[in-house]
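Below, each chain spelled out in residue letters.
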Amino acid sequence: MLRPRRVPLDITLDPQSVQPLYLQIANAVTQEIERGRLSAGDYLPSTRALADALAVNRKTIVLAFEELVAQGWIETSGTSGTQVSATLPVRCASSRPDKKADTEKTASSQVGFRYIAAPERALAVLEDHGVKLDEGSPDGRLFPADVLARAYRGALSKVSRYNRLSYADPRGSASLRQTIATMLKTERGLPVNAENICITRGSQHGIFLAAMTLIRPGDVVVVEELTYEPAVMAFQALGQTSGQSGWMGTAQMSRHSKRFAPRSASRSFF
């Protein structure tokens, strides 16, 4: 059986403080948990190892752990050691937990700098939650991992010999772009060349780049209520207003967009 990985702690003690050392240690561990550096189930160092690291008596660490157990922050699991509790206590609940601004303010104050809180709507549906209405995914067990691994090894070995592992054209490989342009000309009849092609890392990357190019802050993008959430986040990150709607025709969408931006027509429909 593998030994549990123990997360090292970043604790600084002040011997001149009126607060006992064991309480300083307990508060420091609590802050590590609240910051997210320690997650539920993470194992803490042993009392002996932590006492040696902080140059304090082992009894001081034992008192600190007992205080944390009493408050519900950590729990002991027999011979396995001490770990962060699966259910953590709440120090002070927000008076208006449903307000996004309050959430951002509370979260930002805990880490010392401002950041945007997670979106209310999930960006992805987990495998065991909800129903996914997409085209489906292939069985990953059938993927030829050995073939791809050999291809990667061969490609890396080749480019390393020619010192090509540094930054290159941000639009992507010139030969790949030329191949795609040729395919689009011969199979789709599009008059394009390699200069018109940009390789992205996925659909969201492409949507973000297109939005940066075509849309300006304050523009309205109309999306369906049942939509691709990462695209909505990309629009909002660029300062655009997203008006969500249900299923509707072109004329209805035009009227709907004017409701969100009565003085300017919508620039995009997604």
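Residues numbered from 1 in each chain as written. Predicted model: local features only at pLDDT ≥ 70, side-chain atom pairs only at ≥ 80, totals over all residues. Heavy atoms only, no water.

A. Layout of the confidence of the model for the protein chain. For the protein chain, the mean per-residue pLDDT works out to 78, and 71% of the residues sit at or above 70. Averaged pLDDT values over the elements of the protein chain bottom out at 52 in helix H4 (residues 100-111) and peak at 93 in helix H6 (residues 174-187). Note that residues 92-99 has pLDDT below 50 and, in this model, 3 contacts with residues that lie over four places away or in other chains. (pLDDT = per-residue confidence, 0-100. Helix = DSSP H or I, 4+ residues; strand = E, 2+ residues; numbered from the N terminus. Contact = heavy atoms within 4.5 Å.)

B. Fine view of the pattern of salt bridges. Here the structure, examined in full by the defined rule, presents 6 salt bridges. Across the pair arginine 37 and glutamate 32 runs a salt bridge, and its minimum N-O distance is 2.7 Å. Here arginine 37 falls in the partly exposed class, since its relative accessible area comes to 33%. Aspartate 169 is paired through a salt bridge with arginine 177; the nearest N and O atoms lie 3.3 Å apart. Within this structure, Asp169, Arg171, Arg177 and Glu195 form a network of salt bridges that share partners. (Salt bridge = Lys/Arg side-chain N within 4 Å of Asp/Glu carboxyl O. Buried < 20%, exposed > 50% of the residue type's maximum accessible area, 1.4 Å probe, protein only.)

C. Spotlight on the layout of surface pockets. The calculated volume of the largest pocket comes to roughly 610 Å³. Lining the largest pocket are 16 residues, with Ala168, Asp169, Gly172, Ser173 and Arg201 positioned closest to its centre. Across the lining of the largest pocket, the residue classes break down as 7 nonpolar, 5 polar and 4 charged. (1 Å grid on protein atoms, 1.4 Å probe; cavity = no way out; pocket = protein on both sides within 12 Å on 5 of 7 lines; lining within 4 Å. Points joined across faces, edges and corners; volume = space filled by probe spheres on them. Nonpolar A, V, L, I, M, F, W, Y, C, P; charged D, E, K, R; others polar.)

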